[in-house]
Amino acid sequence: MFSDKCRQSYINELNGIKQQGIFKQERFIHAPQGAEIEVEFPAGASTKKVINMCANNYLGLSSHPEVVKAAHEGLDVRGYGMSSVRFICGTQDIHRQLENKLTEFLGTEDTLLFPSCMDANAGVFEAVLTDQDVMIADRLVHASIVDGMRLCKAAQDTYKHSDMEHLEAKLQEHQDKRNRMIITDGVFSMDGDLAKLDKIVELAEKYDAMVFVDESHASGFIGKTGRGTHEHCGVLGHIDIITTTLGKALGGASGGCVSGRRELVELCRQRARPYLFSNTVAPVIVYGALKVMDLISKTTERRDKLEQNTIYWRKLLKDAGFDIKEGESPIVPVMLYNAKLAQDIATDLYAEGIYAIGFFFPVVPKGQARIRTQLSAAHEKHHLDKAIEAFTKVGKKYNVLGKGKKEIIEMYGM
Ligand SMILES: *Cc1c(COP(=O)(O)O)cnc(C)c1O
């Protein structure tokens, strides 16, 4: 039973989260996902039309008319649900079709769909590694990878973020293991930086290790034809396992996959628990995702537009005097260092009609608070021009324009 004492213990726990200033509140969006959305925040307030600078809608496909139309068709011809996990009676031919499309697009040997990329990461390591193996992960990998590694009996080790010398030392140290797996994100979500996959593949060849890359923030738009970080780094076909999501650039609904070496994917089909014990994506999503694959295989127009938007936005921010993390991905962090400052600026931006979120500890390291902006192919130039006007106005108010890390910390502390 849920006694008063029991309830009070949870009330105390929630109050603790509030006191730490990390209590999260949902913002209700009264519109389809897009460049401009109607947002209700705080809960109960009247809605406000804002420019969305914080979605993972990189290719602007979340509400694309052709994707929506395809999803409707999927609903009509294949029904709403499967009422089964894949290996009992939850697999339609269209699931296999989508897997084949993903295999072709990612340049791998086979693919297995999962309910989400979180589930793909939760299942994959345990399915393919044993206690005789070792996982060597970049220290900034996504939380879902950390969780997946916890479920796996293989030895665990880490290397300093993108530090290839450190990775090499770790590979040398673990030569006695049966198999070694290097584990990294393709694009790191907080800084928007890319893994050095060319170097990683080189080390993997030298020290006989497999390479695992989570491409959630890359699939569909990084690389000349949008295949991902492996394309960008010139190592297409050299990655042993790719996991990625359908929940970001590839339509943004839900679903994920493990794609890679035939035998590894087959082992996931035999053993990965989220695949065996949870329904996969519904037919309506498969139809939408097939259309997405179609659209992005035919033309690079949307990823090219995203690239142009990214270049334009990075230049606008720099010219205005903001301190941004350099790079080429559409994740553009505006560095503010101080948590309260990041929150205050995000609040003021919202008042100006710009929706962007402040990130601070524990999501990023202490003293690294920022506003993470994200570009989309759905943004038009006028959206970005309006956004920079607001950023500039608010930046002036807080006197952060033209200021670097040292000066901002002097003014506001860490
Ligand atoms: C978003 C994300 C995930 C989770 O994807 P879902 O399909 O929403 O579960 C996994 N890994 C990385 C790197 C991500 O950015």
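Residues numbered from 1 in each chain as written. Predicted model: local features only at pLDDT ≥ 70, side-chain atom pairs only at ≥ 80, totals over all residues. Heavy atoms only, no water.

Draft legend 1. Main features of the domain arrangement of the protein chain. Assigned domains within the protein chain: domain 1 (29–58 + 301–412) and domain 2 (65–298). Computed over C-alpha atoms, the centres of domain 1 and domain 2 are 28 Å apart. Contact with domain 1, which involves 17 residues of that partner, is made by 18 residues of domain 2. Roughly 1300 Å² of surface becomes buried between domain 1 and domain 2 when both sides are summed, with 61% attributable to carbon and sulfur atoms. Across the domain 1-domain 2 interface, the total number found is two salt bridges. (Domains from an automatic or database assignment. Contact = heavy atoms within 4.5 Å. Buried area = accessible area lost by both parts, 1.4 Å probe. Salt bridge = Lys/Arg side-chain N within 4 Å of Asp/Glu carboxyl O.)

Draft legend 2. View of helix H1 (residues 4–19). Between the first and last C-alpha of H1 there are 22 Å, a value that for 16 residues agrees with the 22 Å anticipated at 1.5 Å per step. Taken from the residues just after H1, glycine 21 is the one with a positive phi, measuring 75 degrees. (Helix = DSSP H or I, 4+ residues; strand = E, 2+ residues; numbered from the N terminus. Expected span 1.5 Å × (residues − 1).)

Draft legend 3. Geometry of the pairing of strand E6 (residues 155–159). In the sheet, strand E5 (residues 134–138) pairs with E6 via five bridges, with the strands oriented parallel. Within E6, the residue paired with isoleucine 136 across the bridge is aspartate 157. (Pairing = 2+ DSSP bridges.)

Draft legend 4. View of unusual backbone geometry. A cis amide bond links phenylalanine 41 with the next residue in sequence, proline 42, at an omega value of -5 degrees. Mapped onto the secondary structure, proline 42 falls in the loop between strand E2 (36–40) and strand E3 (48–52). At the junction of phenylalanine 361 and proline 362, the peptide bond is cis and its omega measures out at 10 degrees in the coordinates. As for its placement among the helices and strands, proline 362 is situated in the loop between strand E13 (357–359) and strand E14 (369–374). We note that serine 83 has phi near 50 degrees; this positive angle belongs to a residue other than glycine. Locating serine 83 in the fold gives a position in the loop between helix H2 (65–78) and helix H3 (86–89). Look at serine 83 and you get exposed, because its relative accessible area is 72%. (Buried < 20%, exposed > 50% of the residue type's maximum accessible area, 1.4 Å probe, protein only.)

Draft legend 5. Geometry of the pairing of strand E10 (residues 256–260). When you tally the buried positions in E10, you get five out of five residues, the bulk of the element. Burial along E10 is two-sided: Gly256, Val258 and Gly260 and Cys257 and Ser259, pointing in opposite directions, are all buried. Of the pairings in the sheet, the one linking strand E4 (residues 110–114) to E10 comprises five bridges and is antiparallel in character. Along E10, the bridge assignment pairs phenylalanine 114 with glycine 256.

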